[in-house]
Amino acid sequence: PRVRHDNRNNVTILTHTPYAFRCAVIATTIATPITFSAGNPPASRANYSTMKVPISWLNEYVDVADIPVRELADKLTFSGVEVEGIEEVGAVLGDAFVVGEVLTCEAHPNSDHLHVCTVSDGAETLPVVCGAPNCRAGIKVALARVGAVIPEGGFTIKAAKLRGERSMGMLCSARELKLSDDHAGIIILDEGCVPGTPLRAVLPPPETVLDLEITWNRPDCLSIIGLAREFAALLGRPLKRPAVDFE
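The structure displayed is predicted, hence computed values, not measured ones.

### Details of the overall build of the protein
- Along the protein, the regular secondary structure elements total 4 helices and 13 strands.
- Considering only intrachain contacts with a sequence separation of at least 6, the fraction spanning at least 24 residues in the protein is 65%.
- With an accessible surface of roughly 12,700 Å², the protein has 52% of that area assigned to carbon and sulfur atoms.

The following block contains the structure:
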């Protein structure tokens, strides 16, 4: 399972393991190094380390799924680890979001940057106008059909004419599905994805992420297991240590 950026600035998602995909869309899962002068703690916020912690990862090491995220954030803040924010990555996708296959992709006759595509949704072939530079024939894409409500922006996809060409859907970027801030191109799915498959079965479920600021004196919290240990102490719950086999 992999996620990569190719030379067309597109996001390519290989979807055998949703867990692996979350590793990429959550941009920073381990903190950047702390740097400060010997003998003196850093005086500015610029020297603090930031860290993004998916709740599902945390739950693998200590049971926190039954506790409201806001309560977890408050407990962590009171223990000395500042929670800068709570983010929601991804969205609940309805039946109008499916895997699509781009059958043809031609230059729009009335535009220098748009493409006129035919896209299979597994049941029928739809005309779709797309402006993404990485759109091309033969790829599997995240297709929002007519009636879909785009998570980023909340607008509804309607049948329309774009510069004179009919369009019956939209090819989505990662930002439009709230998977990341990437809007340089559309999502390109694994070649093995079957057109018409609900997108929610291909992409990972929505994830809640804690956005933390780790101070210079808390290096013990610069890892998921370190934060799990902190929560275990705060909640009075056992720490689930991962099994390690050195053979």
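### A look at the pairing of strand β8 (residues 140-145)
- Taking burial as the measure, the 6 residues of β8 include 5 buried ones, the bulk of the element.
- Bridge analysis of strand β5 (residues 97-107) against β8 gives 5 bridges, and the strand direction is antiparallel. Considered in β8, the bridge of Val98 is made with Leu143.
- Pairing geometry for β8 and strand β12 (residues 187-189), over 2 bridges, is antiparallel. Bridge pairing in β12 links Val141 to Ile188.
- In this sheet, strand β11 (residues 169-171) lies alongside β8 in antiparallel orientation, the contact comprising 3 bridges. Of the residues in β11, the one forming a bridge with Arg145 is Gly169.

### Remarks on the sheet that holds strand β3 (residues 49-54)
- Taken in spatial order, the 3 strands make up an open sheet running β3-β13-β4, and their pairing is antiparallel. Edge positions in the open sheet fall to β3 and β4 (82-89), since each of these has one partner strand only. Each adjacent strand pair in this sheet contributes to an overall mean axis angle of 20°, direction not counted.
- Here 7 bridges tie β4 to strand β13 (residues 207-214), and the two strands are oriented antiparallel to one another. Opposite Val89, over in β13, you have Glu207 as the bridge partner.
- Along the sheet, helix α3 (residues 69-78) makes contact with β4 and β13, crossing β4 at roughly 155°.

### Notes on helix α4 (residues 224-235)
- Compared with the 16 Å implied by 1.5 Å per residue over 12 residues, the 16 Å span of α4 between its first and last C-alpha is a close match.
- Considering only its buried residues, α4 is in contact with β3, α2 (55-59), α3 and β13.
- Following α4 by one or two positions, Gly236 has its phi on the positive side, about 70°.

### Let's talk about the nonpolar core
- Ranked by internal contacts, the top residues of the largest apolar core, which has 23 residues, are Val53, Leu58, Leu210, Leu212, Leu227 and Phe231.
- Contributions of two or more residues to this core are made by β3, α2, α3, β13 and α4.
- Considering each element in turn, this core owes the most residues, 6 residues, to α4.
- Those residues in contact with Phe231 that lie beyond four places of it in its chain are Leu58, Val62, Leu72, Leu76, Leu210 and Gly236.
- Counting 19 residues, the second-largest nonpolar core is a separate cluster that includes Ile157, Met170, Ala174 and Leu199.

### Observations concerning the pattern of salt bridges
- Counted by the stated rule, this structure contains 9 salt bridges.
- The salt bridge involving Lys240 is made with Asp63; its shortest N-O contact spans 2.8 Å. In this pair, Lys240 is assigned in the segment after α4 and Asp63 in the loop between α2 and α3, connecting sequence segments 177 residues apart.
- With a closest N to O distance of 2.8 Å, Asp66 and Arg237 form a salt bridge. One end of the pair, Asp66, is in the loop between α2 and α3; the other, Arg237, is in the segment after α4, and 171 residues separate them in sequence.

### Looking at the confidence of the model for the protein
- Mean pLDDT over the protein: 84, with 81% of residues reaching 70 or higher.
- pLDDT under 50 marks residues 1-39. Its contacts with residues more than four places away, or in other chains, come to 85 contacts.

### Examining the packing of α3 against α4
- Remark: α3 packs on α4, axes separated minimally by 11 Å, with the N-to-C direction vectors making an angle of 95°. As summarised for this structure, α3 and α4 are arranged roughly perpendicular, according to the angle between their axes. Counting all contacts with α3, which are made through Leu72, Lys75 and Leu76, the residues of α4 involved are Leu227, Glu230, Phe231, Leu234 and Leu235.
- Residues of the contact of α3 with α4, tallied by class, amount to 6 nonpolar, no polar and 2 charged.

### A short note on the pairing of β5
- Here β5 runs beside strand β6 (residues 115-120); their pairing, made up of 6 bridges, is antiparallel. Directly across from Cys105, in β6, lies its bridge partner Cys117.

The rules behind these values
Residues numbered from 1 in each chain as written. Predicted model: local features only at pLDDT ≥ 70, side-chain atom pairs only at ≥ 80, totals over all residues. Heavy atoms only, no water. Helix = DSSP H or I, 4+ residues; strand = E, 2+ residues; numbered from the N terminus. Contact = heavy atoms within 4.5 Å. Areas by Shrake-Rupley, 256 points an atom, 1.4 Å probe, with all protein chains shown as cover. Buried < 20%, exposed > 50% of the residue type's maximum accessible area, 1.4 Å probe, protein only. Pairing = 2+ DSSP bridges. Axes fitted to C-alpha atoms, helices over the stretch in contact; angles between N-to-C directions. Expected span 1.5 Å × (residues − 1). Core = buried A, V, L, I, M, F, W, Y, C linked by side-chain atoms within 4.5 Å. Salt bridge = Lys/Arg side-chain N within 4 Å of Asp/Glu carboxyl O. pLDDT = per-residue confidence, 0-100. Parallel < 35°, antiparallel > 145°, perpendicular 65-115°, else oblique. Nonpolar A, V, L, I, M, F, W, Y, C, P; charged D, E, K, R; others polar.

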